[in-house]
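Tertiary structure, described
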Amino acid sequence: MASSFVLSFIALIAIAITIPFCISSPKTPLRGFETRLIHRDSPESPLYNPSLTRAQRKEAARRRSIARQNFLTRRMSPAAVSNATARIDYNNGVYVMRYKIGTPPIDTYGYFDTASTLIWMQCNPCKKCYNQSIPIFEPGKSSSYRKLMCDDDRVECGLVPDNGCPSEDGSCTYIAAYEDGGSSEGVASKETFMLEGETIPDMTFGCGLKNTDTDPDENPPGVVGAGREPSSLVAQLIRERTRFSFCISPFNRGNRSNVKFGSKAVIHEGNQTPLLPGRYGWYHIGVEGISVEGTRLNISEDVFRWRPEGRGGIIIDTGTTYTHLASEAYYAVQSAVINALPNYKHKINPHSEFLLCYDSDDGFHMNIAPDIEFHFRDDRRLGFDYTLDPNNVWNEDNCMTIKPDYHGLSVLGINQLENVNVGIDFQNNIVTFKDTDDCRDT
């Protein structure tokens, strides 16, 4: 118990001192590279189920969206903040990333999740594992695999979430507990990863030996955590690259989504806003206000301000499909949209996923909808006004795909960021936005 406390204390000190460049990977200079992100419902996805109807996919996506929102708001609760084993999200991922692991390398994949802070996968010899479509990773067959040991790797073990020392064999253990009851327990380890032909040695990850999965749908072997904590994929790669970007393509226009690191990352010189400090490894950004059809709404800036106790703020999240706005901001937007369309009948359905809808029989179509503009924060003379694309706001049922959050958190979801390149530069602590017609061209 004392050793575990010391390791956790060391981790907290390391996180407080610096942005997460602490885990020693990689050891050699690496060029920039990119890899694809695949929507879980795409025919190219290893999770694709051809037997599901379009209605069933929409219902499954609706369930995941609600579960994701619940996860994020619960994560901010005082109980979660004080809980040493803070629960995180697993079954509600949207995009998967393929990669190779081990020597010789084998193919695997996991959810790419900017709100998770650990890379982990199921490993043999597995004491308890759920079904997956590809063979479970065999670390004993890889010449580059090694466990993190409590004595020899004390600092690196301390940076792994919910680590435990000592164990029976002296190895560093971890526990990842999830909101839906799923979990992963195993050994913090080092291994060689390969992403799009780029070999990256000594990556820290969790080798899961005891895993449970509560989702009836098939799920990937694990998670590719891409948050801002030291054990995530992004934190380990940015030691050499300092920046990354991602671009999400509309699902119905082909599978062109990607994530880029280092020299290939797209950091736009124009639309920049500060990357703000915050908890949980999330990507906090600043919003000063919102306008509808050119009129600034009466929304207090405090609505979008992150508070030190862990509440509030606005984040970017690849696991959130639709944007959530703190309820005060959402209802201001909803009211302004209705007022801007006095000649069109609207419907408010409190039991629907999307509250505000219009009837196409009444002549409504998205091109007559008012512009919704976000005013991003202007710290250090950085900031810009960004108008959401109507295609990213209204769906085929003429419903506004923005949702209220009654716990004060606002989340910029990937549906509102389709065909937008989001760049994150850790050296300069900025987030940039760049519109594109095709993510492959960024």
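In what follows, the accompanying structure is described.

Calculation rules
- Residues numbered from 1 in each chain as written.
- Predicted model: local features only at pLDDT ≥ 70, side-chain atom pairs only at ≥ 80, totals over all residues.
- Heavy atoms only, no water.
- Disulfide = S-S within 2.5 Å.
- Helix = DSSP H or I, 4+ residues; strand = E, 2+ residues; numbered from the N terminus.
- Buried < 20%, exposed > 50% of the residue type's maximum accessible area, 1.4 Å probe, protein only.
- Pairing = 2+ DSSP bridges.
- Contact = heavy atoms within 4.5 Å.
- Axes fitted to C-alpha atoms, helices over the stretch in contact; angles between N-to-C directions.
- Core = buried A, V, L, I, M, F, W, Y, C linked by side-chain atoms within 4.5 Å.
- Domains from an automatic or database assignment.
- Phe/Tyr/Trp six-rings, centres within 6.5 Å; stacked < 30°, edge-to-face > 60°.

Things to note about the state of the cysteines
For the structure shown, the criterion picks out 6 disulfides. Here Cys 150 engages in a disulfide with Cys 165; their sulfurs sit 1.8 Å apart. Residues Cys 150 and Cys 165 share a disulfide whose torsion about the S-S bond is about -90°; that sign makes it left-handed. Residue Cys 150 is located in the loop between strand 6 (146-147) and helix 4 (154-158), and its partner Cys 165 is located in the loop between strand 7 (163-164) and strand 8 (173-177); the two are separated by 15 residues in the primary sequence. Owing to a relative accessible area of 5%, Cys 150 belongs among the buried residues under this scheme. The disulfide partner of Cys 157 is Cys 172, and the gap between their sulfur atoms is 2.0 Å. Across the S-S bond of Cys 157 and Cys 172 the torsion is about 80°, and the bridge reads as right-handed. In this pair, Cys 157 is assigned in helix 4 and Cys 172 in the loop between strand 7 and strand 8, connecting sequence segments 15 residues apart.

Examining the sheet that holds strand 22 (residues 372-376)
Strand order in the open sheet made by the 4 strands is 17-16-22-23, with antiparallel pairing throughout. With one partner strand each, in any of the chains shown, strand 17 (295-296) and strand 23 (385-387) form the two edges of the open sheet. The pairing of strand 22 with strand 23 spans 3 bridges and is classified as antiparallel. Of the residues in strand 23, the one forming a bridge with His 375 is Asp 385. Contacts from helix 6 (residues 327-340) reach strand 16 (287-292) and strand 22, with the element oriented near 20° to strand 16.

Regarding the nonpolar core
The biggest cluster of nonpolar side chains holds 77 residues, and the ones touching the most others in it are Phe 205, Val 337, Ile 372, Met 400 and Phe 433. For this core, the element with the most residues is helix 6, which contributes 6 residues. Counting contributing residues per domain, this core is built from domain 1 (32-76 + 88-248) and domain 2 (267-435), each supplying no fewer than three. The next biggest cluster of nonpolar side chains, apart from the first, holds 13 residues, and it includes Trp 120, Cys 165, Tyr 174 and Ala 176.

Quick notes on unusual backbone geometry
Backbone torsion omega between Thr 103 and Pro 104 reads 0°, so that peptide bond is classified as cis. Take Pro 104: it is sitting in the loop between strand 3 (95-101) and strand 4 (106-113). Cis geometry is adopted by the peptide bond preceding Pro 125, which originates at Asn 124 and carries an omega value of 5°. If you trace the backbone, Pro 125 turns up in the loop between strand 5 (119-122) and strand 6. Phi is positive for Glu 196, close to 50°, though the residue is something other than glycine. Considering the arrangement of structural elements, one finds Glu 196 in the loop between strand 9 (183-195) and strand 10 (198-212). Not every positive phi belongs to a glycine, and Glu 293 is a case in point at roughly 55°. With respect to the helices and strands, Glu 293 occurs in the loop between strand 16 and strand 17.

Focus on the packing of aromatic side chains
The full count for this structure, using the stated rule, is 23 aromatic pairs. On the basis of an interplanar angle of 55° and a centroid distance of 5.2 Å, the ring pair of Phe 376 and Phe 433 is categorised as tilted. Note that Phe 376 is positioned in strand 22 and Phe 433 in strand 27 (residues 430-435), a separation of 57 residues in sequence. The same class applies to Phe 376 as to Phe 433, namely buried. Their ring planes at 70° and their centres at 5.5 Å tell us that Tyr 386 and Phe 433 sit as a pair that is edge-to-face. Taken as a pair, Tyr 386 in strand 23 and Phe 433 in strand 27 lie far apart in primary sequence, 47 residues in all. For Phe 433, a relative accessible area of 1% translates into the label buried.

Let's talk about the environment of Pro 220
In this fold, Pro 220 is placed in the loop between strand 10 and strand 11 (222-225). Look at Pro 220 and you get buried, because its relative accessible area is 0%. Here the alpha-carbon distance between Pro 220 and Gln 122, two residues 98 residues apart in the chain, equals 9.3 Å.

A look at the environment of Val 420
For Val 420, the position within the fold is in strand 26 (residues 420-425). Overall, Val 420 belongs to the buried group, its relative accessible area being 2%. Between the alpha carbons of Val 420 and Leu 388 there is a distance of 10.0 Å; along the sequence they are 32 residues apart. When residues no more than four places from it in sequence are discounted, the contact partners of Val 420 are Phe 246, Cys 247, Ile 248, Tyr 386, Phe 433, Lys 434, Asp 435 and Thr 436.

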